[in-house]
Amino acid sequence: MVEIKGLKKRYGERTVLDLDELSFSDGETVALAGANGSGKTTLLRILAGLIEKSEGTAKAPGSVLYLPQQSYAFRGDLVRNITITGAGKQTAVELLEKLGLSHLSGKKAKSLSGGELQRLSLCRVLAKKSELLLLDEPTSACDANGAALVIRAIRDYRDSCGCTVVMSTHSPMLAVNAADRLVVLENGKVEANGTPEDILSNPGIQWAKTFTAGWKI
Amino acid sequence: MESFRQAFELLFPPDRELLQIIGVTMRMSFVSTLVSCLIGLPLGALIGSKNFRGKSFLKKLIHTLMGLPPVVAGLIVYSLFTHYGPFGRLDMLFTVEIMSVAQVLLITPVVTGLSSSFIETSSKPVIETARGLGFSGFRTARLCINEGRASLLSVVLNAFGRSIAEVGAVSIVGGNIQWKTRVMTTAIMLETNKGKFSFALALGIILLMIAFAVNALASFIVRENADG
């Protein structure tokens, strides 16, 4: 269970996050959406303990895993990149298979494409058990096929450990297919909170309108 | 050209005293670089990868010590190890060991400062990934060193370069004693004071050749071990 009350984060005079009350239940998958700078990553980083909050409380479970937006490849091959977490080789092989990377397992991780590297980074996080899994735009570099593999892997992980999953995204596909709930942030505040279907069909929500009204440049 | 000829004559066949001086120089430089790296690299990695109260002050202090004048370092070590100093009983003055101690005092801030700056700027994705995986501060620091080892080699070589080229501190605590504590730089100083400029320059050329050989060897080792 994650409980947020009066949570604020300021950088100088600028308040980037201002949440009155928000909670995520055990076993729930929540997608955080919103424009750039709306506070999604800041919220994830506070929950991960990577940055200090300015005010309020954010109660999170003891074991938290966080997948940063910027994927990183450690030295060595793909298997080593997963076993570095302490996971066994068999787990690494299974995860690579699940994320469609098994044919690259012996390759240097630094030679992967952006989408492949993002899936490898997810493998690394999924190799460990946690009570709260925080994912910062886990499909941003993936193609449709890669994104589908990521969604399936996240679902399986949640089902196997019963943990809470909170992920930021710009992808309605990820929100609809992987999340039980969608929270839309705007200027650090909650603009909408509900099921992905309800929010995406609500033309009053700016973020949803972008996708339902189509692109006009 | 005269200096190059003399340098060649000193090396082929090798002059006995020159070999002894090179031996002392290398021993002092390697030991001091090794000790400085053993202290400075983990410390730099920890400072670079962790946020804590007083970090800004600590960085300022290290950056100040990076500019510590060698003669001041020499004087500090001299006063600590002189007969009436707190470590006088160890009777270490005018030995190669005390020269290494003075060098460690000079080089450790350089290794710490440069490695912490490197880790802080270039290792952000490593730190973020490691922290996201719940790794401890120590394990994160170790990962940063391992991931950035090719770049950190330049820090090590910088330290070695400073050690091998240093003259002020080693002449104060070592005394430039023939067949005992004389190193390349103090030998160059001595020959210069005697007015033997071309001979001093010949020693300088040999010193540069040694530094080049060490740099080339270190680069080769890192390239061979680089597994991307």
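See the structure above.
A. Region of interest: the overall build of chain A. The helix and strand inventory of chain A stands at eight helices and nine strands. Referenced to the eigenvectors of the C-alpha coordinate spread, the extents of chain A come out at roughly 50 × 40 × 35 Å. Looking at chain A as a whole, 51% of its 217 residues qualify as buried. Contacts spanning at least 24 positions in sequence make up 65% of the contacts within chain A whose residues lie at least 6 apart. Distance between charge centres in chain A, computed from 27 positive and 24 negative side chains, equals 7 Å.

B. Geometry of a nonpolar patch on the surface. Residue and element names in this part refer to chain B. A surface patch of nonpolar side chains, about 530 Å² in accessible area, is lined by Val-71, Val-72, Ile-76, Leu-80, Phe-87, Leu-90 and Leu-105. In terms of residue count, the dominant contributor to the nonpolar patch is helix 4 (residues 70-81) (four residues). Here Val-72 shows up in helix 4. Note on Val-72: relative accessible area 33%, which makes it partly exposed.

C. Inspection of the interface of chain A and chain B at higher detail. With 20 residues of chain A at the contact, the number on the chain B side is 17 residues. Together, the buried faces of chain A and chain B total about 1800 Å²; carbon and sulfur atoms form 52% of this surface. Interface area lost by chain A to chain B is led by Tyr-72, Phe-74 and Arg-75 of chain A, which between them contribute 38%. Run the count over chain A and chain B and you get two salt bridges.

D. Fine view of the sheet that holds strand 5 (residues 64-67) of chain A. Residue and element names in this part refer to chain A. Pairing is mixed across the open sheet formed by six strands, whose spatial order is 5-6-7-3-8-9. Strands at the two margins of the open sheet, each flanked by one partner only, are strand 5 and strand 9 (189-194). The mean angle between the axes of side-by-side strands here comes to 15 degrees, regardless of whether they run parallel or antiparallel. Where strand 6 (residues 132-136) lies against strand 7 (residues 164-168), five bridges are found, and the strand directions are parallel. Bridge pairing in strand 7 links Asp-136 to Ser-168.

E. Structural detail: helix 7 (residues 137-147) of chain B. For helix 7 of chain B, the complete set of buried residues consists of Gly-137, Thr-140, Ala-141, Leu-143, Cys-144 and Glu-147 of chain B. Along the long axis of helix 7 of chain B, the arc covered by the buried residues comes to 160 degrees, so they all point the same way. Facing away from the buried side of helix 7 of chain B by more than 90 degrees, the exposed set consists of Phe-138 and Arg-142 of chain B. Those residues of helix 7 of chain B hidden inside the fold are in contact with helix 2 (78-83) of chain A together with helix 2 (16-49), helix 5 (96-122), helix 6 (124-132) and helix 8 (149-165) of chain B.

F. Examining the pattern of salt bridges more closely. Within this structure, the stated rule accounts for 13 salt bridges over all chains. One salt bridge in this structure joins Arg-10 of chain A and Glu-55 of chain A, with 2.7 Å as the shortest N-O distance. Placement of the pair is Arg-10 of chain A in strand 1 (residues 2-11) and Glu-55 of chain A in strand 4 (residues 55-59), with a sequence separation of 45 residues. When the shortest N-O distance is used, the salt bridge between Lys-59 of chain B and Glu-120 of chain B registers 2.9 Å. Here Lys-59 of chain B, found in helix 3 (residues 55-66), pairs with Glu-120 of chain B, found in helix 5; they are 61 residues apart in sequence, far enough to count as distant. Note on Lys-59 of chain B: relative accessible area 24%, which makes it partly exposed. A residue is classified by how much of its surface remains accessible, and Glu-120 of chain B, at 24% relative accessible area, is partly exposed. Salt bridges sharing common partners tie together Arg-158, Asp-159 and Asp-180 of chain A.

Procedures and definitions
Residues numbered from 1 in each chain as written. Chains lettered and ligands numbered in written order. Predicted model: local features only at pLDDT ≥ 70, side-chain atom pairs only at ≥ 80, totals over all residues. Heavy atoms only, no water. Helix = DSSP H or I, 4+ residues; strand = E, 2+ residues; numbered from the N terminus. Buried < 20%, exposed > 50% of the residue type's maximum accessible area, 1.4 Å probe, protein only. Contact = heavy atoms within 4.5 Å. Lys, Arg positive; Asp, Glu negative; His and termini not counted. Charge placed at Lys NZ, Arg CZ, Asp CG, Glu CD. Patch = residues over 30% accessible without salt bridge, like charges linked within 9 Å, V, L, I, M, F, W, Y side chains within 5 Å. Areas by Shrake-Rupley, 256 points an atom, 1.4 Å probe, with all protein chains shown as cover. Salt bridge = Lys/Arg side-chain N within 4 Å of Asp/Glu carboxyl O. Buried area = accessible area lost by both parts, 1.4 Å probe. Pairing = 2+ DSSP bridges. Axes fitted to C-alpha atoms, helices over the stretch in contact; angles between N-to-C directions. Arc of directions from axis to C-beta.

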